[in-house]
Amino acid sequence: ISYEENSFRNWSVSAESKTSDGLNKPLLVRKKDRTLKVNFGKELHSILVEIQYLQKYFEDRPLPEIGKKLFTRFDEFRKYKNSLDQTVEMYNYLKLNTIIEEYDLIKNEVIQIDEDILHTTQSLTWNSHNVWDFIEDIRKNVEHLNTRMKKAQDNATIIKKEIKQWENTPMFTRNNNPREESLFN
């Protein structure tokens with residue numbers, strides 16, 4: 001057996017185990033600081049890219065069956081990952097960039113979103129069927145809440161900026177000679 005053939009066989013065996021491990025992981029994981037992270041492993045992504053290159057540049061080389069099946073879902077995984085990346089970014093913004101008073105206003109909605117997300121951190125995997133609607137519903141809910149929070153924060157910033165203009169300008173000034181003019185201007 002040639003070195004190239006031996007390397008390809010070793011890759012095929014490792015690709016199969018890494019693929020099945022990667023696809024059986026939950027969609028999202030919760031980190032220690034209660035934020036979220038998309039759980040699409042680098043190994044799984046690299047195997048998809050490797051299969052893509054093998055199909056393009058080594059058409060005569062037979063790919064493992066699991067690799068072929070995996071690659072047929074490449075666009076599906078990309079769509080899932082992109083939507084989940086957006087969801088995670090917006091969700092983590094709510095967790096990390098809101099002050100206590102702001103967070104208290106949206107706490108009940110975040111609790112509801114957390115209940116929805118629980119499925120993606122426990123039972124839904126990359127191999128689960130019909131998860132697109134579920135992923136999109138969560139993304140839309142998080143996006144709606146995130147948009148409202150950012151708008152409220154922007155409004156508060158504008159109000160603070162407007163009020164700051166009055167900071168150094170007195171509303172009334174006292175006249176030095178009250179007998180000649182009225183006490184206040």
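Structure: above.
Residues numbered from 1 in each chain as written. Predicted model: local features only at pLDDT ≥ 70, side-chain atom pairs only at ≥ 80, totals over all residues. Heavy atoms only, no water.

Caption draft 1: Structural view of the packing of helix α4 (residues 74–96) against helix α5 (residues 100–122). For the pair α4 and α5, interaxial distance at closest approach is 11 Å and the crossing angle is 140°. By the angle between their directions, the pair α4 and α5 is classed as oblique. For the pair α4 and α5, the crossing hand works out as left-handed. Two secondary-structure elements touch here, α4 through Tyr91, Leu94 and Lys95 and α5 through Tyr103, Ile106, Val110, Ile113, Asp114 and Ile117. (Axes fitted to C-alpha atoms, helices over the stretch in contact; angles between N-to-C directions. Helix = DSSP H or I, 4+ residues; strand = E, 2+ residues; numbered from the N terminus. Parallel < 35°, antiparallel > 145°, perpendicular 65-115°, else oblique. Left-handed = near helix turned anticlockwise from the far one by under 90°. Contact = heavy atoms within 4.5 Å.)

Caption draft 2: Region of interest: helix α1 (residues 3–23). Taking 1.5 Å per residue as the helical rise, α1 with its 21 residues ought to reach 30 Å, and the 30 Å between its terminal C-alpha atoms agrees with that figure. When α1 is considered as a whole, its buried residues turn out to be Phe8, Trp11, Ser12, Ala15, Thr19, Gly22 and Leu23. Considered in projection along α1, the buried side chains sweep an arc of 115° and stay on one side of the axis. Opposite its buried face, α1 presents the exposed residues Tyr3, Val13 and Asp21, each directed more than 90 degrees away. (Expected span 1.5 Å × (residues − 1). Buried < 20%, exposed > 50% of the residue type's maximum accessible area, 1.4 Å probe, protein only. Arc of directions from axis to C-beta.)

Caption draft 3: Region of interest: the packing of aromatic side chains. Counted according to the given criterion, the structure contains 7 aromatic pairs. Relative to Phe77, the ring of Phe40 has its centre 5.9 Å away and its plane inclined at 45°; by these criteria the two rings are tilted. Residue Phe40 is located in the loop between β2 (36–38) and α2 (42–57), and its partner Phe77 is located in helix α4; the two are separated by 37 residues in the primary sequence. Each member of the pair, Phe40 as well as Phe77, is classed as buried. These aromatic residues form a ring-pair network of at least three members: Phe40, Phe77 and Trp126. For Lys79, the ring lying beneath its charged end belongs to Trp132, and the centroid distance is 4.4 Å. (Phe/Tyr/Trp six-rings, centres within 6.5 Å; stacked < 30°, edge-to-face > 60°. Lys NZ or Arg CZ within 6 Å of the ring centre and 35° of its normal.)

Caption draft 4: Looking closely at the nonpolar core. In terms of nonpolar packing, the biggest core is built from 38 residues, with Leu28, Leu70 and Trp126 touching the most fellow members. Within the residue set of this core, elements represented by two or more residues are α1, β2, α2, α3 (65–72), α4, α5 and α6 (132–164). No other element matches the 8 residues that α4 contributes to this core. Once you skip the residues sitting within four places of it in the chain, Leu70 turns out to touch Thr19, Leu23, Leu44, Ile47, Leu48, Ile51 and Phe77. (Core = buried A, V, L, I, M, F, W, Y, C linked by side-chain atoms within 4.5 Å.)

Caption draft 5: Region of interest: the packing of α4 against α6. Across the interface, α4 lies against α6 with an axial gap of 9 Å and an inter-helix angle of 35°. Judged by the sense of rotation from one axis to the other, the crossing of α4 with α6 is left-handed. Contact residues: α4 offers Lys79, Tyr80, Ser83, Leu84, Gln86, Thr87, Met90, Tyr91, Tyr93 and Leu94, while α6 offers Trp132, Ile135, Glu136, Ile138, Arg139, Val142, Glu143, Leu145, Asn146, Met149, Lys150 and Gln153. Here the contact of α4 with α6 is built from residues that sort into 12 nonpolar, 5 polar and 5 charged. (Nonpolar A, V, L, I, M, F, W, Y, C, P; charged D, E, K, R; others polar.)

Caption draft 6: Representation of the pattern of salt bridges. Tallied over the full model, the rule gives 10 salt bridges. Put simply, Arg30 and Asp114 hold a salt bridge, and the shortest N to O gap is 3.3 Å. Taken together, the residues span a long stretch of sequence, with Arg30 in strand β1 (residues 28–30) and Asp114 in helix α5 at a distance of 84 residues. On the basis of relative accessibility, which here comes to 17%, the residue Asp114 falls in the buried class. When the shortest N-O distance is used, the salt bridge between Lys95 and Asp114 registers 3.9 Å. Of this pair, Lys95 sits in helix α4 while Asp114 sits in helix α5, and the two are 19 residues apart along the sequence. Residue classification places Lys95 among the partly exposed positions, given a relative accessible area of 22%. When salt bridges that share partners are traced, they join Arg30, Lys95 and Asp114 into one network. (Salt bridge = Lys/Arg side-chain N within 4 Å of Asp/Glu carboxyl O.)

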